[in-house]
Amino acid sequence: MQHISPNDLYLWLQDSSRAAPQLLDVREPWEVALCQINGSQNLPMNHIPSEQTRLDPDATYVVICHHGVRSYQVAGFLERQGFENMINLDGGIAAWANDVEPNMARY
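Residues numbered from 1 in each chain as written. Predicted model: local features only at pLDDT ≥ 70, side-chain atom pairs only at ≥ 80, totals over all residues. Heavy atoms only, no water.

The protein chain appears in an unreviewed UniProt entry as Sulfurtransferase from Deefgea salmonis.

**Q** Which residues make up the sheet that holds strand β4 (residues 61-64), and what are the values?
**A** Taken in spatial order, the five strands make up an open sheet running β1-β5-β4-β2-β3, and their pairing is parallel. Either end of the sheet is taken by a strand with one partner, and the two such strands are β1 (2-4) and β3 (41-42). In this sheet, strand β5 (residues 86-89) lies alongside β4 in parallel orientation, the contact comprising three bridges. Pairing of Val-62 across the sheet is with Ile-87, part of β5. Here helix α1 (residues 6-14) sits on the sheet in contact with β1, β2 (22-25), β4 and β5, set at roughly 85° to β1. (Pairing = 2+ DSSP bridges. Helix = DSSP H or I, 4+ residues; strand = E, 2+ residues; numbered from the N terminus. Contact = heavy atoms within 4.5 Å. Axes fitted to C-alpha atoms, helices over the stretch in contact; angles between N-to-C directions.)

**Q** How would you explain the packing of aromatic side chains if you had to name every residue and give the values?
**A** Scanning all chains against the criterion turns up three aromatic pairs. Both rings, one in Trp-30 and one in Tyr-107, keep their centres 5.7 Å apart while their planes meet at 65°; by these two values the pair is edge-to-face. One end of the pair, Trp-30, is in helix α2 (residues 29-34); the other, Tyr-107, is in the segment after α5 (92-99), and 77 residues separate them in sequence. Its relative accessible area of 54% is what places Trp-30 among the exposed residues. (Phe/Tyr/Trp six-rings, centres within 6.5 Å; stacked < 30°, edge-to-face > 60°. Buried < 20%, exposed > 50% of the residue type's maximum accessible area, 1.4 Å probe, protein only.)

**Q** Hey, could you go over α1 for me, with residue numbers and the actual values?
**A** Within α1, burial applies to Pro-6, Leu-9 and Trp-12. Looking straight down α1, one finds its buried side chains confined to an arc of 120°; they lie on one side. Among the exposed residues of α1, those pointing more than 90 degrees away from its buried face are Leu-11 and Gln-14. Against the buried residues of α1 lie β1, β2, β4, β5 and α5. (Arc of directions from axis to C-beta.)

**Q** Can you explain the UniProt feature "domain: Rhodanese" (unreviewed entry) in the protein chain? Please cite residues and give values.
**A** When the UniProt feature table is mapped onto this chain, "domain: Rhodanese" (unreviewed entry) is found at residues 17-105. Here residues 17-105 is 34% helix and 16% strand, with 30 Å between the C-alpha atoms at its ends. (UniProt positions renumbered as here; feature names shortened; annotations may be inferred.)

**Q** A description of the pairing of β2 should follow, citing residues and the corresponding values.
**A** As paired strands, β2 and β4 are joined by four bridges and run parallel to one another. Paired with Leu-23 across the bridge in β4 is Val-62. Taken together, β2, α2 and β3 constitute a β-α-β crossover, and its handedness is right-handed. (Right-handed = clockwise from strand over helix to strand, strands pointing away.)

**Q** Before we move on, can you summarise the environment of Leu-11 with the specific residues and values?
**A** Its location among the elements puts Leu-11 in helix α1. Sequence separation between Leu-11 and Val-100 is 89 residues, and the spatial gap between their C-alpha atoms is 10.0 Å.

So, in C-alpha cells, the structure goes:
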C-alpha cells in the first residue's frame, strides 16, 4: 500500500497529464453528508467485503476516511483481495480540510 498527503493528492487531481485516481470514501453516509472531496465514491467500510465486486481491481484507488485509520484498514483488506493500486490518504478528510480546503466543514 502506498500513502499520499492531502497536498500531493490535490496536485495529482489538478494535473491533467496524469490519469486521476478513483477516490473511495469509506466513511458513513452521515459523515459524507457533512463534507467530502468532490468526485469521491462513498462505500462505507462495513460494506466493502460484500460490495467489493463493484470495484475495479485494476484501478488506482485513494481511500479516504476521517483521520486515515479506516481507510488504511480498507486499503489493506482490498490489497489482500488482489487490488494492487491502493493508496491511503494520510490524515484523512480532516487533513484535507486543514491542508487543502480550509473552508470545508469539519466534525
